Amino acid sequence: MKATILSITIFLFSFTAFTQNNKKAIFVIVDGIPADLIEKLETPNLDAIAKVGGYTRAHVGGEKGTYSQSPTISAVGYNHLLTGVWTNKHNVWDNDIKDPNYHYWTIFRFLKQEYPQKKAAVFSSWLDNRTKLVGEGLSQTGKLQLDYHFDGLELDTVNYPHDKDANYMHRIDEAVVDNAAEYIRTESPDLSWVYLEYTDDMGHKYGDGPEFYRAIGLMDKQMGRLWEAIQYRERTFKENWVIYITTDHGRDSATGRNHGGQSTRERGTWIVTNAKGLNDYFKTGNPGVVDIMPSIAKFMNVHIPKDQLMEVDGIPLTGRLSAIAPVATIENGKLKLSWKALDKKGNAKIWVANTNNFKTDGSKDEYKLMATVPVSKQSAIIDLKNTTSDFYKIYIEMPENSLVRWVVKEAAQQ
Ligand SMILES: [Zn+2]
């Protein structure tokens, strides 16, 4: 009897270990493609991936008109995906990437902290993605090391001379995709980021029209090559892969050449994924680019420590959610909160802090538990009588997920 129990235990243990090591994630940013064009143009490869999981419209730019509003600019958008937070936290405001706030960890750092043996890779048509955003080797990221990278080709003007039609950028994207597909087939990295630039170059140069549309068609073929490599791994090695493909911003509606502002088309993005168990929030909630990081973390069993989770703006796109869409305002010394309940069981614990130590130096904020109300109530009013502050951080802790919001008085700079 004992022997049987022992062998069952060993079997279960190795089965768990197998399913853990078996999970692989890849996220792809294809630059500057508005949702209306993805929907209008033929994209058979994206369609094939979405058929397994789903397609949704999504957004960048934070919450418009609030403290989290973020420029619809490339590096800003990439860092939303990497960190799961908006610009008011990660502090990347443009493509210069002057002073990222590395207290907000990237998915790579969370992965390597918990599973140092897992392999991480970046395949990118822009060097700064690895050296500045992921921050490989920097003291501020704890000298985070990836296991592999393929990037920097834009600096190689001998093999990729910079022609005025930016065809060199397409050739770089091709090299990046080929390298990623080959590396996936042979090495099977656990977490990969693929970044491609050519579509944005064509958007800037030509705006809406055949040249830009052609670039989107080429991108779709590239996604097909990544998808084939993933399917090869799944078939041959019984691995369990998830892919998230998205863009970093839309474009202006007048010409399609520009971006950076807060118009609906500039903020309007999309997500294609093969993920299983996509929730109603993915399907109908207009999710944000910040939701991809916690979705990948959930899939890979990366556990974000509570002090850091209390900062993450995104929520998972798969599985159960207690609630979404929090709104927080202060009126006459009272904090008014509301949310939309999706799974009404259990309680919402409402924690409030009026410090911002995490942003300043990465240390703990002093949260106080101010109220516990049923999730199903979808609102709470909290008397802030003994605290007068221009700034509050709110963390709503629920059975299936948590929500975070700040309340910032207009004059206060946080
Ligand atoms: Zn961009």
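Note that the structure is a prediction, hence the values are computed from the model and not measured.

Caption draft 1: Structural context of the pattern of salt bridges. Summed over all chains, the structure comprises 24 salt bridges. Glu39 is paired through a salt bridge with Arg57; the nearest N and O atoms lie 2.8 Å apart. Of this pair, Glu39 sits in helix H2 (residues 35–40) while Arg57 sits in strand E2 (residues 54–59); the two residues are 18 residues apart in sequence, bridging distant segments of the chain. Note that Glu187 is salt-bridged to Lys119, the shortest N-O span being 4.0 Å. Linking Glu187 in helix H8 (residues 167–187) with Lys119 in the loop between helix H6 (107–114) and strand E3 (120–124), this pair joins segments that are 68 residues apart in sequence.

Caption draft 2: Region of the structure containing the nonpolar core. Formed by 72 residues in total, the largest nonpolar core has its most connected members in Phe27, Phe108, Trp193, Trp339, Ile350 and Ile394. Two domains share this core, each providing at least three of its residues, namely domain 1 (21–305) and domain 2 (323–412). Here Ile394 is in contact with Ala328, Leu335, Leu337, Ile350, Trp351, Val352, Leu403, Val404, Arg405 and Val407, once residues within four sequence places are set aside. Grouped together as the second largest cluster of nonpolar side chains are 45 residues, Ala35, Tyr183, Leu218 and Ile245 included.

Caption draft 3: Expanded view of the coordination of the zinc ion. Here the zinc ion is held by Asp31 (OD), Ser74 (OG), Asp248 (OD) and His249 (NE2), and the distances to it run 1.9 to 2.1 Å. In this structure, the zinc ion is coordinated by 4 donor atoms arranged in irregular fashion, with angles at the metal of 95 to 137°. Ordering the donors of the zinc ion by residue number gives the pattern D-x42-S-x173-D-H. Highlighted residues: Asp31 in the loop between strand E1 (23–30) and H2 and His249 in the loop between strand E6 (240–246) and helix H11 (264–267), separated in sequence by 218 residues.

Caption draft 4: Spotlight on the packing of aromatic side chains. Enumeration according to the criterion identifies 14 aromatic pairs in this entry. Judged by centre distance (6.2 Å) and plane angle (75°), the ring pair of Tyr78 and Trp126 falls under edge-to-face. Pair noted here: Tyr78 is in helix H4 (residues 74–83) and Trp126 is in the loop between E3 and helix H7 (128–134), with a separation of 48 residues, a long-range link. The buried category is assigned to Tyr78, whose relative accessible area is 2%. Between Tyr367 and Tyr395, the aromatic rings sit 6.5 Å apart at their centres with planes inclined by 65°, giving edge-to-face as the arrangement. Here Tyr367, found in the loop between helix H15 (357–361) and strand E11 (368–374), pairs with Tyr395, found in strand E13 (residues 391–397); they are 28 residues apart in sequence, far enough to count as distant. You can call Tyr367 buried: its relative accessible area is 16%. We classify Tyr395 as buried; its relative accessible area is 2%. By way of ring pairs, the aromatic residues Phe27, Tyr78, Phe108, Trp126, Trp193 and Tyr195 are connected into one cluster.

Caption draft 5: Up close: the pairing of strand E5 (residues 191–196). Judged by how many residues are buried, E5 sits mostly within the fold: 6 of 6 residues are covered. By the alternation rule, side chains of E5 split into Leu191, Trp193 and Tyr195 and Ser192, Val194 and Leu196, which are all buried. Here E1 runs beside E5; their pairing, made up of 6 bridges, is parallel. When the sheet's bridge partners are listed, Val30 is paired in E5 with Leu196. Examined bridge by bridge, E3 and E5 share 5 bridges and lie parallel to one another. Bridge assignment links Val122 to a residue of E5, and that residue is Trp193.

Caption draft 6: Focus on helix H13 (residues 292–299). By the criterion of burial, H13 is predominantly enclosed, with 7 of the 8 residues buried. Inspection of H13 places Ile292, Met293, Pro294, Ser295, Ile296, Ala297 and Phe299 among the buried residues, and these make up the whole buried set. Asn301, located one to two residues past H13, shows a positive phi value of around 55°.

Caption draft 7: Main features of the domain arrangement of the protein chain. Under the domain assignment, the protein chain is made up of domain 1 (21–305) and domain 2 (323–412). With centres defined by C-alpha atoms, the gap from domain 1 to domain 2 works out at 31 Å. It is Tyr67, His103 and Tyr104 in domain 1 that bury the most area against domain 2; as a group they hold 52% of the surface buried on that side. The partner of Arg405 in a salt bridge is Glu63, with the nearest N and O atoms 3.2 Å apart. Looking at the side of domain 1 that touches domain 2 residue by residue, the classes come out as 3 nonpolar, 3 polar and 2 charged.

Caption draft 8: Representation of H6 in the model. Among the 8 residues that make up H6, 6 are buried, leaving the element largely enclosed by the rest of the structure. For H6, the set of buried residues is Ile107, Phe108, Arg109, Phe110, Leu111 and Lys112.

Caption draft 9: Structural view of the environment of Trp93. Inspection of the secondary structure puts Trp93 in the loop between helix H5 (87–90) and H6. On the accessibility criterion, Trp93 (42% relative accessible area) is partly exposed. As a C-alpha pair, Trp93 and Asn79 span 14 residues in sequence and 9.9 Å in three-dimensional space. Setting aside its immediate chain neighbours within four residues, Trp93 contacts Gln69, Pro71, Ile73, Val76, Thr87 and Asn88. Only 2.8 Å separates the side chain of Trp93 from the side chain of Asn91, close enough to count as a polar contact.

Caption draft 10: Spatial organisation of unusual backbone geometry. Backbone geometry places Lys143, a non-glycine residue, at a positive phi of 55°. With respect to the secondary-structure elements, Lys143 resides in the loop between H7 and strand E4 (148–150). Despite not being glycine, Ala166 shows a phi value in the positive range, around 60°. Looking at where Ala166 falls in the secondary structure, it is placed in the loop between E4 and H8. When its relative accessible area of 11% is taken as the criterion, Ala166 is described as buried.

The rules we used
- Residues numbered from 1 in each chain as written.
- Predicted model: local features only at pLDDT ≥ 70, side-chain atom pairs only at ≥ 80, totals over all residues.
- Heavy atoms only, no water.
- Salt bridge = Lys/Arg side-chain N within 4 Å of Asp/Glu carboxyl O.
- Helix = DSSP H or I, 4+ residues; strand = E, 2+ residues; numbered from the N terminus.
- Core = buried A, V, L, I, M, F, W, Y, C linked by side-chain atoms within 4.5 Å.
- Buried < 20%, exposed > 50% of the residue type's maximum accessible area, 1.4 Å probe, protein only.
- Domains from an automatic or database assignment.
- Contact = heavy atoms within 4.5 Å.
- Donors = N, O, S within 2.8 Å, 3.2 Å for Na, K, Ca; no water.
- Tetrahedral: all angles 85-135°; square planar, octahedral: opposite > 155°, others 65-115°.
- Phe/Tyr/Trp six-rings, centres within 6.5 Å; stacked < 30°, edge-to-face > 60°.
- Pairing = 2+ DSSP bridges.
- Buried area = accessible area lost by both parts, 1.4 Å probe.
- Nonpolar A, V, L, I, M, F, W, Y, C, P; charged D, E, K, R; others polar.
- Polar contact = N/O pair within 3.5 Å; in protein donor to acceptor, adjacent residues only side chain to side chain.

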